[in-house]
Amino acid sequence: MDRSVRWKVTAPYSSSMRLAHLILLLLYFHLSSSRSTPASGPPQEDLVEQKCLLRNYTHHSCNKVFCLPWQKCIEGTCICKLPYQCPKDGTPVCATNGRSYPTYCHQKSFECLHPEIKFSNNGTCTAEGKFNVSLIYGNTKREGIVQVKLVDQDEKMFICKNSWSMTEANVACLHLGYPQGARGIKRRFNIPISLRINDTECLHVRCRGVETSLAECTFTKRRTKTPHGLARVVCYTQDADFPTSQSFQCVNGKHIPQEKACDGVNDCGDQSDELCCKECRGTAFHCKSGVCIPNESKCNGEVDCITSEDESDCEEGRQRKIHKGLARSDQGGETEIETEETEMLTPDMNSEIKRIKSLLPKLSCGIKRNTHTRRKRVIGGKPAEMGEYPWQVAIKDSGKITCGGIYIGGCWILTAAHCVRPSRYHNYQVWTALLDWLKPNSELAVQRVSRVIVHEKYNGATYQNDIALIEMRKLPGKKECELPRSIPACVPWSPYLFQPNDSCIVSGWGREKGNQKVYSLRWGEVNLIGNCSQFYPGRYYEKEMQCAGTSDGSIDACKGDSGGPLVCNDINNVTYVWGIVSWGENCGQPEFPGVYTRVANYFDWISYHVGRSLVSQHNV
Ligand code: ARG
């Protein structure tokens, strides 16, 4: 029946009946509209940030997560390293092509480039039997009870249900050739009576979730027999899927129940269900960058959050162990690991990853030598002391200090585009370790400039892309720039390292309130401000700019501070140059916060010009 006809029929109804009909109709529209836009569903969906989902982040998105040690981060994506870029130390491993590799990293890097050749086992390749996974008692070949045959064992064995989660199931399905991993681990199968008894022998397995073969996971056997079931799985295929309004769509195309998003478990297999979270469910740990990680990853000796807060505030010697069955004593100072009941059956590739990570080259930046951080209360900025801002430089143009700058390593200074012109490079001088330019201190050093690079999209009218690089001249016969008193600030590689309301520090020789001249370096604490378009409608570009200030406006950058640093410290007190002083309406007015160039947005631009190894702290 057509709706217009229905309205005619309702016309002679009593008004109360008509009202009832109207409510039903409204309900109908409400239900059907909420079906097409899952965002208006139950409150739990508010855990995911829709704007972030549009970016399709996965475990390969290095703005959100660290790349694996055999990958490097290029323009926000983890790509394969070449095997020779791996650390040399390690034990040999064997791949499915029958070739041995000097380390796990070498093999994984080769696999990254040739996905069909996977990890087979630890040690050199011999004629020993192969690792093998199979599913039995299922109705189709993509489901069943999980059976494995380990390399040095003749018999196939079952896996215990209590050590089996979506993490392991995803790896098993990937191993079996289902690229989207597992669909679920709950379906029941008809298994022979003999297997239904509780003490059928089974193995425990633990995966990270990033493995491509179950052989890379760690298998253990427990001596004590506890009642259990056997691990089972249904692997995911698109044709057997029934997405509903309540499902979350993974970037790899798989649909999972909405309530599995942001629970710390990588249900999708590509981690896309855990990367855009305002909060996390249950006991999962929420990284500041919006990522949910399992509670077991907290204080496990390996940094998971890009902002590393999962490994801070950990009591020494009381690291929680990853393996479920390994108990932790609740009282008393020490961690007790019950090793006697667990037998390792395969090498631990998880700790191999940790070891490889520790062997990767490390960048030194953002750490002050003298760590006497005496924090003073500041109103309108306080004078700086020697060594407090070792990355701060002054830029002199024809003898006058015109701008600030930030030392980022090598011979490179970061500054604002509006401070410099490439053609005038010979007029510039970079003054390092300067405090007061009326009373030059002995540590002071003066550098001449060999080149100025202004961002090619710098717009002098809108101040978009207000960023430039200054290359300092090396002394004759020297290969490096020598700046004995300077320490580089780290360049932020991800826009998620710091968030609105984080407290950061601006410094410079710019004007004080009332346009008062300033001769000594001053600094002030300001907060990052989100949503800045409300202060500068039509002039603020979120991706490229960052506002910072205080609620009363009492602390701000001003004329002459341009090009200087807005630095933020991470949880380990490592300093990042988050902003470059760029512009602002007047100075020190709460309704007009200071606007800074958002340096994280220019990481690739900077690393292109200065060289990746100078600024790539992780994922080199
Ligand atoms: N453009 C100014 C300069 O040349 C920096 C202004 C910063 N203003 C502010 N209110 N934060 O020094």
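All values reported here derive from a predicted model rather than from experimental measurement.

Thresholds applied
- The residue numbering used here restarts from 1 in each chain and proceeds along that chain's sequence as written.
- Where local features are concerned, this predicted model is filtered to residues with pLDDT of at least 70; where side-chain atom pairs are given and counted, the filter is 80 or more; whole-chain, interface and lining totals use all residues.
- Computation of side-chain values: all heavy atoms of the structure, hydrogens and water removed.
- DSSP-based pairing: two strands are paired if at least 2 bridges between them are found.
- Helix numbers and strand numbers start at the N terminus; a helix is a DSSP run of H or I with at least 4 residues, a strand a run of E with at least 2.
- Should any heavy atoms of two residues lie within 4.5 Å, those residues are counted as being in contact.
- Axis geometry follows a simple rule: fit a line to the C-alpha atoms, using only the stretch in contact for helices, then measure angles between N-to-C directions, giving values from 0 to 180 degrees.
- Here is the rule: rings of Phe, Tyr and Trp (six-membered ring for Trp) pair when centre to centre is within 6.5 Å. Planes less than 30 degrees apart are stacked, more than 60 are edge-to-face, and the remainder are tilted.
- Partly exposed describes any residue whose relative accessible area lies between the buried limit of under 20% and the exposed limit of over 50%, with all areas from a 1.4 Å probe on protein chains only and scaled to the type maximum.
- Nearness here has a simple test: a residue counts as near a molecule or strand if at least one of its heavy atoms is within 4 Å of that partner.
- N or O atoms closer than or at 3.5 Å make up a polar contact, with two conditions inside protein: a donor-capable atom paired with an acceptor-capable one, and, for residues adjacent in sequence, both atoms drawn from side chains.
- Areas reported as accessible are Shrake-Rupley estimates using a 1.4 Å probe. Residue values count occlusion only from the protein chains shown.
- Put simply, Ala, Val, Leu, Ile, Met, Phe, Trp, Tyr, Cys and Pro go in the nonpolar bin, Asp, Glu, Lys and Arg in the charged bin, and everything else, Gly too, in the polar bin.
- By definition, the arc is the one covered by directions from the helix axis to the C-beta atoms.

Novice: Explain the sheet that holds strand β3 (residues 93-95) to me, please; I cannot follow it from the model alone.
Specialist: Each strand in a sheet pairs with another by means of backbone hydrogen bonds, the pair being arranged parallel or else antiparallel. Taken together, the 3 strands give an open sheet; going across it, the order is β4-β3-β5, and neighbouring strands pair in antiparallel fashion. If you trace the sheet from one side to the other, it starts and ends with β4 (100-101) and β5 (119-122), each paired once. As paired elements, β3 and β5 share 3 bridges and run antiparallel to each other. Within the sheet, the bridge partner assigned to V93 lies in β5 and is N122.

Novice: How should I be thinking about the side chain of T58 in this particular structure?
Specialist: Mapping T58 onto the fold places it in the loop between α3 (50-53) and β1 (71-74). Apart from residues no more than four positions distant in its own chain, T58 is found in contact with V65, V251, D270 and L275.

Novice: I tried to follow the sheet that holds strand β19 (residues 392-397) on my own but got confused; where do I start?
Specialist: Spatial strand order, β19-β20-β21-β24-β23-β22: 6 strands in a closed barrel with antiparallel pairing. Each neighbouring strand pair of the sheet contributes to a mean axis angle of 40°, computed without reference to strand direction. Of the pairings in the sheet, the one linking β19 to strand β20 (residues 400-409) comprises 6 bridges and is antiparallel in character. Counterpart to V393 in the pairing with β20 is G405.

Novice: Looking at this structure, I do not really get the packing of aromatic side chains. What am I missing?
Specialist: Two descriptors summarise a pair of aromatic rings, namely the distance from one centre to the other and the angle between the planes of the rings. Under the definition given, this model contains 13 aromatic pairs. Look at Y101 and F110: their rings are 5.4 Å apart centre to centre, the planes differ by 40°, and that puts the pair in the tilted class. Taking the relative accessible area as the measure of exposure, Y101 reaches 5% and is therefore buried. Under the relative-accessibility criterion, F110 is labelled buried at 16%. Between W493 and Y576 the ring centres are 6.2 Å apart and the planes differ by 50°, which places this aromatic pair in the tilted class. One end of the pair, W493, is in the loop between β24 (468-472) and β25 (503-508); the other, Y576, is in strand β29 (residues 575-583), with 83 residues separating them in the sequence. By relative accessible area, W493 is classed as buried at 10%.

Novice: So what exactly am I meant to see when it comes to the site of the ligand here?
Specialist: Around the ligand, a shell composed of 15 residues is seen, among which D556, G560, S562, S582 and N586 lie nearest. Take A557: an N or O atom from its main chain is 3.2 Å from a nitrogen atom of the ligand. Measuring from an oxygen atom of the ligand, one finds a backbone N or O atom of G560 at 2.7 Å. Expressed as a share of its isolated accessible area of 350 Å², the protein-covered part of the ligand is 87%. Its residues placed into classes, the shell around the ligand shows 5 nonpolar, 7 polar and 3 charged.

Novice: How should helix α7 (residues 349-359) be read in this particular structure?
Specialist: One full turn of an α-helix is made of 3.6 residues, so residues set three or four places apart face in the same direction. The set of residues buried in α7 consists of M349, N350, E352, I353 and I356. Each buried residue of α7 sits inside an arc of 155° when the element is viewed along its axis, so together they form one side. Looking at the buried residues of α7, the elements they touch are β3, α4 (104-113), β5 and β11 (218-222). Regarding α7, its N-cap is D348, as a side-chain oxygen of that residue lies 3.1 Å from the backbone nitrogen of N350 further along.

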